[in-house]
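Structure assessment
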Amino acid sequence: MSVSGNGIMDSKFFPVVFMLILTVIFVGILAAFYRASEKGIEQYKQQTYKLQILSLFADTLSVLTGIEKAELTDPVRVQENYEKYIREVNISSDQIKTVSSRYFTASIMQDNVLGYCFDIKGSGLWGTMRGLMAVTPDFSKIINFVIYDQMETPGLGSRVTEDWFKQQFAGKSLISGNAVEDFSLVQEDATANAAEIRQVTGATITSSAVLKIIVSAAAELRDLRPDLKGEQDE
Amino acid sequence: MNKKDIFITSAFKENSVWKQILGICSSLAVTNLMLNSLIMGLGVIFTLIFSNLTISAIRSYTPRSVRMMAQVLIIASYVIIVDIFLRANLPDISKQLGPYVGLIITNCIIMGRAEAFAAKNNPMDSVIDGLGTGIGYTLVLLCISAVRELFGFGSLFGWQVLGSWWLKWSVMVMAPSAFFLLAIMIWLINDHYYKVKKG
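The structure displayed is predicted, hence computed values, not measured ones.

This part covers the interface of chain B and chain A. In this assembly, 23 residues from chain B lie in contact with 16 residues from chain A. Taken together, both faces of the contact between chain B and chain A bury some 1700 Å²; the carbon and sulfur share is 84%. Linking chain B with chain A are zero salt bridges. Connecting chain B to chain A are one residue pair in polar contact (both at pLDDT 80 or more). Among the elements of the structure, helix 4 (67-89) and helix 5 (91-97) of chain B are those that each provide at least two residues to the side of chain B that touches chain A. For the side of chain B that touches chain A, the element with the highest residue contribution is helix 4 of chain B, accounting for 12 residues. Its residues assigned to classes, the side of chain B that touches chain A comprises 15 nonpolar, five polar and three charged.

Shown next, in the form of C-alpha cells:
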C-alpha cells in the first residue's frame, strides 16, 4: 500500500476506513449529546408518570378536597400535588416477588387510603404494553385505568390509549368475593353491560391483551390482598 | 453565483416544496398547528445547515463509492441531535411531532441538497444553500398551517384569533385538508411563476 496522500485514498480499504472513522466521530458526538440531555429527558418521563398517577385519582380527590380536577392535574404543580396526595407504599421484598408490578403507589388523604395504583404490564401485538391501574383500597373495584406505554399499530391498536376506551374501566368491579371479574369484549358501537368492554374495531388482539393484563393483575392482587390489608392496619 | 443569489434561488426560485415537490410527506403531516410547523421547520433548517456544512467540508476526502452512506450517517446524526434536544427541552412538542422528527432523515430535501449542492460546492455556499432551502420549506409549512389552524381551531400560534362564535372546521384539522391546501398553493404559485416567465 502506498503511503502518499493520493495513494491512501486510492486504496480499496480507504472507503472502509473512512466510514469507520466517520462513524466513530458521529457516534461519539451523539453519545456525548445524549449524556448531556439525559437528565432533562428522565425528568420529563418522571413528571409524566406522576401526572398519570395523579390523573387516575383526580376524580376521587376532586370530590373529597373540592379542588378542581384541572388544578389537581396541572402539569406545573405535579410535584407539589404528588407529594401531597400520593405515597409510595412500602412492601417487603417477599411480597414484591409475588407480583410483577413495578410500583405500588397509594393515594392517601389525611391517613385515609383512597386507593392503590399498580404499574402493570403484559404483551400486546407488537411489544410490551404498560398500564397503570388504580383500585379501591379493598381491591374490589377499578377506580381508573390507563395504558401509558405501548407499541401497537398506530390508528388501530394504539387507540387503546384513547379516552373512550380507558374510561370504560372506571368503576368496573374487579374482584368480587374471591373471584376475579371475567370481562368480555363487545363491538365498538355496541352498548356494554357491567362485565363488558367495547373493543377497538380492527384491534381485537390488542383489546384482548389489555383485558388479559388487567385480569392477570387482578389474580395477583387477590392473593396479595390480606397482606396489604395487614400493613394498612398498622 | 453570489451568496444572495444562492439564498434566493434555494429559498424561492427553486423552492423544494413548490418547485421540486420534495418533502411533501412532512408538509402534510405536521401542518395542523403553526407552532409544530415552526419547530419542524427549525429542525429541518438546523439539519440542512449542518449536514451541508459537514458534507461540503469533507467532500474532497469522501470516496465516491460510500458517499451516500456517509451522507445518510451525517444527516441521521444531526436529526438525532434535534430529536434529543426536543425530547429534553420541548417534550410536549416532541410528543406532538411524534415520529416526524426522526423522519427528517428520510426527507428528500436534505439528501437532495447534500447530493446536488453540498457535495460540489464550498462549505460557506453550502451553509447558505441549506439556510435558504430550510427557510423556503418552513415558509410553506407555516403558510399551510396558518390556514389550517385558523379555520380548524380559530387560533394562530395557539392565540385565539376568532371568537367563540366561530364554528371550527374539523376537516382542516384532518389530513385531507393539507392535500387540498398544498395542491392549491403549488398551483397558484406555479401559475403565477409561468405567467411572469412568459410575460
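Residue and element names in this part refer to chain A. Counted according to the given criterion, the structure contains 16 aromatic pairs over all chains. Geometrically, the ring pair formed by Tyr116 and Phe139 is edge-to-face, given 5.8 Å between the ring centres and 80° between the ring planes. Note that Tyr116 is positioned in strand 3 (residues 112-123) and Phe139 in the loop between strand 4 (128-135) and strand 5 (142-149), a separation of 23 residues in sequence. The burial state of Tyr116 is the same as that of Phe139; both residues are buried.

Looking now at the side chain of B:Gln71. All names here are of chain B. With respect to the helices and strands, Gln71 occurs in helix 4. For Gln71, a relative accessible area of 2% gives the class buried. With residues up to four places along the chain from it excluded, the contact list for Gln71 reads Ile55, Met111, Ala114, Glu115 and Ala119.

A word on the confidence of the model for chain A. Caution applies to low-pLDDT parts of the model: their predicted coordinates are not meant to be read in detail. Residues and elements named next belong to chain A. In this model, chain A carries a mean pLDDT of 81, and residues with pLDDT of at least 70 account for 83%. Every residue in residues 92-102 scores below 50 in pLDDT, and together they form 17 contacts with partners more than four places removed in sequence or on other chains. Per-residue pLDDT stays below 50 along residues 228-234; that stretch engages in 13 contacts with residues further than four places along the chain or on separate chains.

What counts, and at which threshold
Residues numbered from 1 in each chain as written. Chains lettered and ligands numbered in written order. Predicted model: local features only at pLDDT ≥ 70, side-chain atom pairs only at ≥ 80, totals over all residues. Heavy atoms only, no water. Contact = heavy atoms within 4.5 Å. Buried area = accessible area lost by both parts, 1.4 Å probe. Salt bridge = Lys/Arg side-chain N within 4 Å of Asp/Glu carboxyl O. Polar contact = N/O pair within 3.5 Å; in protein donor to acceptor, adjacent residues only side chain to side chain. Helix = DSSP H or I, 4+ residues; strand = E, 2+ residues; numbered from the N terminus. Nonpolar A, V, L, I, M, F, W, Y, C, P; charged D, E, K, R; others polar. Phe/Tyr/Trp six-rings, centres within 6.5 Å; stacked < 30°, edge-to-face > 60°. Buried < 20%, exposed > 50% of the residue type's maximum accessible area, 1.4 Å probe, protein only. pLDDT = per-residue confidence, 0-100.

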